[in-house]
Amino acid sequence: MGAPPSAADRTLARPRHRPLAALVALVTLVAVGAAMLIDLATPAPRPADAPADEFSAGRAYRTVQTVAARPHPAGSAANDQVREHVVGVLRGLGLETEVQDTVAPEAGQLSGAAGGATFARVRNVVARLPGTASTGRIFLVAHYDSVQTGPGGNDDAAGTSTVLEVARALAAGPRPRNDIVFVLTDAEEACLCGASAFASDHPLAADGGVVLNLEARGSTGPVIMFETSRNNAKLVDVFGRAAPHPVGTSFAVEIYRALPNDTDFTAFLDHDFVGLNAAYIDGGAIYHTPLDTPAAMDRGSLQMHGDNALGLAREFGRADLTGLRSGHDATYFPVPGGLVRYPGWLTWPLAGLAVLGVLVLGWLVRRSGRAGTGRLVAGFGLTLVPVAAAPLAAQLLWAGITALRPGHAELLDPYRPTWYRLAVVALAAAILLAWYALARRWAGPAALAVGGLAWLALLGVVLAALVPGGAYLATLPALAGALAGLGALATRIDGPWPVVAVTLAGAVAVVILLPTVVLLFPALGMAMGGVAALFAVLLGLAALPVIDLLHPAAGGQRGLVAGGERDSHDPASSGERDPVAARARWLGALPAVAAALAATVFAGVGLAVDRFDAAHPVPTHLMYALDADTNEAEWITREEEPQPWTKEYAGSHFSEYLGRVFPGLGEESVRTGVAPAANLPAPTVQVLSDSTAGGERTLRLRLLPQRPVRLATLHVDATTAEVRRAEVAGRTVPVGRQPTAEEATFDRWGLGIVFHAPPPEGVEITLTVLPRAGKVNLRAMDASDGLDALPGFRPRPAGVGVVGSHSSELLAVARTYPV
């Protein structure tokens, strides 16, 4: 068979002009990456004097300023003003406009949160643009309420203003073929109850249709189509054609479906609508906080929202809507200038081809003498090192940063996350490059390249089984790498074509995996930066043949060659010390050293610039609860490690029993501190009727807050009665399993009801119970917002802010009523 190949021949490409080839390959990959990043950028916002048939962020921003002038949670006077403005705008466009005023249950997966079955009084704004020959209806949906802690400049004044501006543009043009309904929902932040009410009860929703839900969970970044209805292939095809900026991935859809997260879109899916859900998500530090103001909004993101919504409304408006269910999901991802999409049924064939391609490549690499069986096995095993080490290192990096800055742990993402994100990517690169510099000597470049592709192919199979829409992330880079390797083996190793082949494969990996890395950071936050690091390493594994060009050709690998014998060309095998080989090893280590230095610098700069100050305050959580039975009060915080300001009120005592006294606040563990009792009235429970039949007692009650509140709750003491049936405002309450008499001694509270935006006349509740004692104990609680008027409370100083939480600044009062 002749002598084994030299160390320099154990690779897929050995160009004659190695530095030039490395430079060209790297510049190519950087250019491709830059094109991807440019494609993800938001468009320039159009001014207020843009043509009438176009979406203008300048015009829409005026609505943002009006809607987000102050916090306006459901049921508040501020929310009434926002609703009146929205109604006035839609009627001013000549649209048929009404307010749906009703009581509705929650939607989605929120059941049991904050104390029980949830309802709300909602007032949805609904307007219709009639079609000329409608084949169905398109629903443009956004919610006009905000959280109690912030004005909702982005969440969801962005969606509300987009819907109104799209309505203006459509009303100014020719009428569409299909009906277009504009739905501005209420109480989304509380319970998705507005969307639930519309989807289940409104006549316009009776026949279903196409929903385009518009959201924001941050202040900037590209608008991502992150959720779809099932069997989405035709919907995705329309999105790819009609949306001017089609950013979205089938991987995001798969992940979101698996998470316990909900938007208004959930309520529509529960009632068999089809559609798309879109949001921009970067800048998450201000989410649900007082900083979510109009001034914080990136108007480029608003423009992107509007461009896509208007394009999709027009396309669906002229389409035949009767056949949008395709029978399968599509796989899709963005590329410069568009959206690649293909049928989901191709997932398994492509995964199989990738595995087959890598196996064939490995066989040919062995047959050509570039790596023996031992080296291929070693390459496969060694590749796990960076795959495991990079995510772990990223998580440890963030743990160290949060140890220095504990306030970061309370944020969805840092205020200025860019430097930290760069540090994670650089750290992943440093680990990959250091590993490669070492493993290259032992296993050889070809064996490591095959090993990296093998893990990608196997990951593709795992993803195909678990999250089919995400299989492309590993399958396509593995398949491209295998084809490039086969092409390289078919040509002269020292010619240009092997370099061209591996560079094209690297470009495929960049197109597919770089947007994933970029979008994962804002999607998951720095607390899960290890996930982005993992995908950064997968990108590096797919590009190993290009990375190899950074190393000298005679990079002195040690170990066994194809036949199992020592490499006679390796000076290390004879104990010689070769200064050229030593210099080559040092040169090979330079990229890893540079990446490690960059990671250190990026993390240091991040710590230096991302300090808490008046404009970027440290988030704190505080609420107040008064037990009117005992006239005792507590300060409560859900901060795991309370900030110094919070410790002045709560944090001295760790309590797992909050839910026993205040069941409406949930069961989670909190930190508490003694608070002065405020002179606040508790909600009352009025008995409207009381009857007994067949051993069951039926109580018709009125839960009536005695002050303006955001929500009211009622819980039944399970030691005194077992709830059999219940109604709230005439709507049936799902009772579920109630505690037995024995269980109730440990788990006191049975059925719980939470009602958001209670009307001034109170809430009528009917309970049918099986008594366990002479009197039925009912625990009533209500909650308002704002702690400033409480005794002992001092306003936060500059640099101390409010965490984005539905319970931040909550003021609760509870009393027990024996009936």
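Our structure is the block above this text.
Heads up: these notes are all about the structure in this document. In this text, all values refer to a predicted model and were calculated from it rather than measured experimentally.

### Looking at the overall build of the chain
Phase 1: Check the secondary structure of the chain and you find 23 helices and 24 strands.
Phase 2: Taking 2.2 N^0.38 as the reference for a compact globule, 819 residues should give roughly 28 Å; the C-alpha atoms of the chain span a radius of gyration of 31 Å, in line with that estimate.
Phase 3: When its C-alpha atoms are laid out on the principal axes, the chain stretches across 100 × 65 × 55 Å.
Phase 4: Counting every position in the chain, which comprises 819 residues, the buried fraction comes to 58%.
Phase 5: Looking at the chain as shown, the accessible area adds up to about 31500 Å², and 60% of this sits on carbon and sulfur atoms.
Phase 6: Averaging the locations of the 63 positively and 72 negatively charged side chains of the chain gives two centres separated by 7 Å.

### Brief notes about the packing of aromatic side chains
Phase 1: In the structure shown here, the tally under the stated rule is 18 aromatic pairs.
Phase 2: Ring plane angle 75° and centroid distance 5.4 Å describe the contact between Trp-398 and Tyr-420, whose orientation is recorded as edge-to-face. Taken as a pair, Trp-398 in helix α13 (residues 384-404) and Tyr-420 in helix α14 (residues 418-443) lie far apart in primary sequence, 22 residues in all. The same class applies to Trp-398 as to Tyr-420, namely buried.
Phase 3: In this structure an aromatic cluster arises from ring pairing among Tyr-624, Trp-635, Trp-645, Tyr-649 and Phe-793.
Phase 4: One Lys or Arg, Arg-299, reaches over the ring of Tyr-61 and ends 3.6 Å from the middle of that ring.
Phase 5: Across from the ring centre of Phe-662, 5.8 Å away, lies the NZ or CZ of Arg-779, which sits over that ring.

### Structural notes on a nonpolar patch on the surface
Phase 1: On the surface, Leu-20, Leu-23, Val-24 and Val-27 cluster together into a nonpolar patch covering about 380 Å² of accessible area.
Phase 2: Secondary-structure assignment places Leu-20 in helix α1 (residues 18-40).
Phase 3: Residue Leu-20 is classed as exposed on the basis of its relative accessible area, which comes to 52%.

### Brief notes about helix α2 (residues 57-67)
Phase 1: Within α2, eight of the 11 residues are buried, which leaves it mostly tucked inside the rest of the structure.
Phase 2: Within the sequence span of α2, burial applies to Ala-57, Gly-58, Arg-59, Ala-60, Tyr-61, Thr-63, Val-64 and Val-67.
Phase 3: Those residues of α2 hidden inside the fold are in contact with α3 (77-92), α4 (157-171) and α10 (299-318).
Phase 4: Two to three positions downstream of the cap, the backbone nitrogen of Gly-58 sits 3.2 Å from a side-chain oxygen, assigning the N-cap of α2 to Ser-56.

### Details of the state of the cysteines
Phase 1: Applying the stated criterion across every chain, the model contains one disulfide.
Phase 2: In this model, Cys-191 is linked to Cys-193 through a disulfide, with the two sulfur atoms separated by 2.0 Å. Taking the torsion about the sulfur-sulfur bond, which here is approximately -130°, the covalent link between Cys-191 and Cys-193 counts as left-handed. Comparing Cys-191 with Cys-193, the two get one shared label, buried.

### Concerning the nonpolar core
Phase 1: Counting 86 residues, the largest nonpolar core has Val-365, Trp-435, Tyr-472, Phe-535 and Leu-541 as its most contacted members.
Phase 2: Membership of the second largest hydrophobic core comes to 69 residues, among which are Phe-55, Val-64, Leu-276 and Ala-309.

### What about the sheet that holds strand β21 (residues 763-771)?
Strand pairing in a sheet relies on backbone hydrogen bonds. The paired strands run either parallel or antiparallel.
Phase 1: Across the sheet, which stays open at both edges, the five strands sit in the order β15-β16-β21-β18-β19 with antiparallel pairing between neighbours. Both outer strands of the open sheet, β15 (684-693) and β19 (731-732), are each paired with one neighbouring strand and no more.
Phase 2: As defined by bridge partners, strand β16 (residues 696-704) adjoins β21 across seven bridges and the pair is classed as antiparallel. Residue pairing across strands places Arg-697 opposite Val-769, the latter belonging to β21.

### Observations concerning the pairing of strand β5 (residues 210-216)
A regular strand places its side chains on the two faces of the sheet in alternate fashion.
Phase 1: Within β5, seven of the seven residues are buried, leaving the element largely enclosed by the surrounding structure.
Phase 2: The side-chain alternation of β5 yields two buried faces, one formed by Val-210, Leu-212, Leu-214 and Ala-216 and the other by Val-211, Asn-213 and Glu-215.
Phase 3: By the bridge criterion, four bridges tie strand β3 (residues 137-143) to β5 in an arrangement that is parallel. Each residue of the ladder has a partner; that of Phe-139, found in β5, is Val-211.
Phase 4: Pairing geometry for β5 and strand β7 (residues 274-282), over seven bridges, is parallel. Counterpart to Leu-212 in the pairing with β7 is Leu-276.

### Quick word on unusual backbone geometry
Phase 1: The omega angle of the peptide bond from Asp-155 to Asp-156 is 5°, so this bond is cis rather than trans.
Phase 2: On the secondary structure map, Asp-156 appears in the loop between β3 and α4.
Phase 3: A positive phi angle, near 60°, is found at Leu-192, a position not held by glycine.
Phase 4: Considering the arrangement of structural elements, one finds Leu-192 in the loop between α5 (188-191) and α6 (193-201).
Phase 5: The backbone of Ala-729 sits at a positive phi, close to 50°, despite the residue not being glycine.
Phase 6: Position of Ala-729 among the secondary structure elements: in the loop between β18 (721-728) and β19.

### Remarks on the packing of helix α15 (residues 445-466) against helix α16 (residues 472-489)
Phase 1: Between α15 and α16, whose axes approach to 8 Å, the crossing angle comes to 145°. With respect to the hand of their crossing, α15 and α16 are arranged in left-handed fashion. Mapping the contact onto sequence places Leu-453, Leu-456, Ala-457, Leu-459, Gly-460 and Leu-463 in α15 and Ala-474, Thr-475, Pro-477, Ala-478, Gly-481 and Ala-482 in α16.
Phase 2: Partitioned by chemical class, the residues of the contact of α15 with α16 number nine nonpolar, three polar and no charged.

### Remarks on the pattern of salt bridges
Phase 1: Per the counting criterion, the structure on display carries 39 salt bridges.
Phase 2: The closest approach of N and O atoms between Asp-548 and Arg-18, which form a salt bridge, is 3.0 Å. With a gap of 530 residues between them, Asp-548 in helix α19 (residues 544-548) and Arg-18 in helix α1 connect regions that are remote in the sequence.
Phase 3: You can call Arg-18 buried: its relative accessible area is 9%.
Phase 4: Among the salt bridges present, the one from Arg-83 reaches Asp-80, with a minimum N-O distance of 2.7 Å. Here Arg-83 pairs with Asp-80, and both are found in helix α3, just three residues apart, close to one helical turn.
Phase 5: Classification of Arg-83 as buried rests on a relative accessible area of 9%.

### What to know about the pairing of strand β17 (residues 711-717)
Phase 1: Buried residues dominate β17, accounting for seven of its seven residues.
Phase 2: Every second residue of β17 is oriented toward a common face, with Leu-711, Thr-713, His-715 and Asp-717 on one face and Ala-712, Leu-714 and Val-716 on the other, all of them buried.
Phase 3: Alignment of β17 against strand β22 (residues 777-785), held across six bridges, turns out to be antiparallel. Counterpart to His-715 in the pairing with β22 is Arg-779.

What counts as what
- Residues numbered from 1 in each chain as written.
- Predicted model: local features only at pLDDT ≥ 70, side-chain atom pairs only at ≥ 80, totals over all residues.
- Heavy atoms only, no water.
- Helix = DSSP H or I, 4+ residues; strand = E, 2+ residues; numbered from the N terminus.
- Rg over C-alpha atoms; globule rule 2.2 N^0.38 Å.
- Buried < 20%, exposed > 50% of the residue type's maximum accessible area, 1.4 Å probe, protein only.
- Areas by Shrake-Rupley, 256 points an atom, 1.4 Å probe, with all protein chains shown as cover.
- Lys, Arg positive; Asp, Glu negative; His and termini not counted.
- Charge placed at Lys NZ, Arg CZ, Asp CG, Glu CD.
- Phe/Tyr/Trp six-rings, centres within 6.5 Å; stacked < 30°, edge-to-face > 60°.
- Lys NZ or Arg CZ within 6 Å of the ring centre and 35° of its normal.
- Patch = residues over 30% accessible without salt bridge, like charges linked within 9 Å, V, L, I, M, F, W, Y side chains within 5 Å.
- Salt bridge = Lys/Arg side-chain N within 4 Å of Asp/Glu carboxyl O.
- Contact = heavy atoms within 4.5 Å.
- Polar contact = N/O pair within 3.5 Å; in protein donor to acceptor, adjacent residues only side chain to side chain.
- Disulfide = S-S within 2.5 Å.
- Core = buried A, V, L, I, M, F, W, Y, C linked by side-chain atoms within 4.5 Å.
- Pairing = 2+ DSSP bridges.
- Axes fitted to C-alpha atoms, helices over the stretch in contact; angles between N-to-C directions.
- Left-handed = near helix turned anticlockwise from the far one by under 90°.
- Nonpolar A, V, L, I, M, F, W, Y, C, P; charged D, E, K, R; others polar.

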